[in-house]
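# Report on the structure
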Amino acid sequence: NITVKYNLLKDISETAYLGMVVDSPGEVQENLKVFGNIFYDSRSLPGTACSFTISFAVKNTTLSGFEFYNNVVANMSGSSNAGVYSRAKSGGKNRAYNNIFYNNITRSLQLQYTTNDYNFYSRNKTSDGRSRDIMDESNGQVESANPFKNMSKLNFELVSPTDQGK
């Protein structure tokens, strides 16, 4: 059981803002909760940030009961994945919901091995400019505006409400 909540994780470089690399065959990681956090890079885009926002670079471990919700992932550049990257085996009950993904330059916004819904996406793209705003959620929201009052001054208050979440 691990909970990561209510943090500002800013301008972190290298592999991941949060990462788990322990990988013993048959290991099960259960009840990991990541909520209420802001993953933010204030450096100019494009630049070098982390490869992953959250990485479970483990192929022998089973991930079960993982929840990623009420987080902001903003202004990440150079990311392989600005979402949740996992090589773990899915043990089920993994969910990502009520998150805001804004202005990320990334290869993907994968939320692997999770049930995703009620997430907000705006201005996410690949390094060559293709859109990475995803809408494979029945209740996901894609917009084109900056949702925050003053992100550069770390004011992540919303300009207007997003659609109702879960």
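## Regarding the packing of aromatic side chains
Inspection of the entire model under this criterion finds 9 aromatic pairs. Centre to centre, the rings of Phe39 and Phe68 are 6.1 Å apart; their planes meet at 35 degrees, and the pair counts as tilted. One end of the pair, Phe39, is in strand β6 (residues 38-40); the other, Phe68, is in strand β9 (residues 67-69), and 29 residues separate them in sequence. In this structure, Phe39 and Phe68 share a single accessibility class: buried. These aromatic residues form a ring-pair network of at least three members: Tyr6, Phe35, Tyr69 and Tyr97.

## Quick look at the environment of Met151
Turning to its location among the elements, Met151 is positioned in the loop between β19 (148-150) and β20 (155-158). Relative accessible area serves as the criterion here: at 10%, Met151 is assigned to the buried category. Each C-alpha atom, one on Met151 and one on Ser42, is 8.6 Å from the other, the two residues being 109 residues apart in sequence. Excluding anything up to four places from it in sequence, Met151 contacts Tyr40, Ala74, Asn75, Tyr102 and Phe156.

## Some thoughts on the confidence of the model for the protein chain
Overall, the predicted model of the protein chain reaches an average pLDDT of 82, with 81% of residues at or above 70. Ranking the elements of the protein chain by mean pLDDT puts strand β11 (residues 79-86) last with 68 and β19 first with 97.

## Some remarks on the side chain of Asp117
You can see Asp117 is positioned in strand β16 (residues 115-117). At 3.1 Å, the side chain of Asp117 forms a polar contact with the side chain of Ser138. Discounting chain neighbours no more than four positions away, the residues touching Asp117 are Ala96, Tyr97, Asn98, Glu137, Ser138, Asn139 and Gly140.

How each quantity is defined
- Residues numbered from 1 in each chain as written.
- Predicted model: local features only at pLDDT ≥ 70, side-chain atom pairs only at ≥ 80, totals over all residues.
- Heavy atoms only, no water.
- Phe/Tyr/Trp six-rings, centres within 6.5 Å; stacked < 30°, edge-to-face > 60°.
- Helix = DSSP H or I, 4+ residues; strand = E, 2+ residues; numbered from the N terminus.
- Buried < 20%, exposed > 50% of the residue type's maximum accessible area, 1.4 Å probe, protein only.
- Contact = heavy atoms within 4.5 Å.
- pLDDT = per-residue confidence, 0-100.
- Polar contact = N/O pair within 3.5 Å; in protein donor to acceptor, adjacent residues only side chain to side chain.

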